[in-house]
Amino acid sequence: ICCADGGTKLSQWMPGELLFDNAVNNAKLAARTSEIVGVLWHQGESDCSDELYPTYQSRFETMMQALRKVLNLNDVPFVLGGLGDYLEHYPLKNYIYINQALQNTASCNENVGFVSAEGLMSNPDNLHFNAQSLYEFGIRYFEEFEKLNRRTNTVGKNNLKEDILRNEMELL
């Protein structure tokens, strides 16, 4: 269920805000014929300002818990993607703190994993991952999802790695 909206701040994804409501509505519609077995989260560049990054973790956890509650996703893994190290060349020096907040969230919350973007490269814009890095990132997302899924058994054991990887890549 793709709900991505590039260049957005976490505040736009909070309960009661348009993007949160859109994600909930799309998920509820999809749940009529499908089962939600995981949530992939990749956001944070727009929260790298000196004013926003210090509260990112608490704000994100509030949003994540609200999403879990309203969609009954208590046993569903959340896989959080780190921001690329290439952002140090962009005016987003605080990206490291967003990554720390995401890592802390993963280590302090059940059924939450973190996927590092270490070593991944950007497009010439120094803001978005290049194609090869996106492919590698998709594999990392899958591996973390699979690790979390072994604990929660959200997806049946008969699913092929390629099928899940393709679904994860479609979400990017």
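Structural data are supplied above this passage.
Report on the accompanying structure. Remember, it's a predicted structure, so these values are computed and weren't measured experimentally.

**Digging into helix 2 (residues 56-71)**
Residue pairs spaced three or four apart in an α-helix point in one direction, given the helix's 3.6 residues per turn.
Next up, step 1: Here helix 2 is 16 residues long and its end C-alpha atoms lie 22 Å apart, about the 22 Å a rise of 1.5 Å per residue gives.
Next up, step 2: A positive backbone phi angle near 55° is found at N72, which sits one or two residues after helix 2.

**Here's the deal with unusual backbone geometry**
Next up, step 1: Within the chain, N72 stands out as a residue other than glycine whose phi angle is a positive 55°.
Next up, step 2: By the element assignment, N72 lies in the loop between helix 2 and strand 2 (78-81).
Next up, step 3: Judged by its relative accessible area of 62%, N72 falls in the exposed class.
Next up, step 4: Of note in the backbone geometry, N126 takes a positive phi value of approximately 55° without being a glycine.
Next up, step 5: Its location among the elements puts N126 in the loop between strand 3 (112-115) and helix 4 (131-152).

**Overview of the packing of helix 1 (residues 18-31) against helix 2**
Next up, step 1: Look at helix 1 against helix 2: their axes get within 11 Å of each other, and the N-to-C directions meet at 30°. Comparing their axes, helix 2 and helix 1 come out roughly parallel. As helix 1 runs across helix 2, the sense of the crossing is right-handed. Where helix 1 abuts helix 2, its residues F20, V24, A27 and K28 lie against M63, A66, L67, V70 and L71.
Next up, step 2: Split into classes, the residues belonging to the contact of helix 1 with helix 2 amount to 8 nonpolar, no polar and 1 charged.

**Points about the pairing of strand 3**
Next up, step 1: Burial of the side chains of strand 3 extends over both faces: V112 and F114 are buried on one face and G113 and V115 on the other.
Next up, step 2: Judged from the 4 bridges that link them, strand 2 and strand 3 form a sheet pairing that is parallel. Looking at the pairing, V79 lines up with G113 of strand 3.
Next up, step 3: Running through helix 3 (residues 95-108), the crossover from strand 2 to the neighbouring parallel element strand 3 is right-handed.

Rules of the game
- Residues numbered from 1 in each chain as written.
- Predicted model: local features only at pLDDT ≥ 70, side-chain atom pairs only at ≥ 80, totals over all residues.
- Heavy atoms only, no water.
- Helix = DSSP H or I, 4+ residues; strand = E, 2+ residues; numbered from the N terminus.
- Expected span 1.5 Å × (residues − 1).
- Buried < 20%, exposed > 50% of the residue type's maximum accessible area, 1.4 Å probe, protein only.
- Axes fitted to C-alpha atoms, helices over the stretch in contact; angles between N-to-C directions.
- Parallel < 35°, antiparallel > 145°, perpendicular 65-115°, else oblique.
- Left-handed = near helix turned anticlockwise from the far one by under 90°.
- Contact = heavy atoms within 4.5 Å.
- Nonpolar A, V, L, I, M, F, W, Y, C, P; charged D, E, K, R; others polar.
- Pairing = 2+ DSSP bridges.
- Right-handed = clockwise from strand over helix to strand, strands pointing away.

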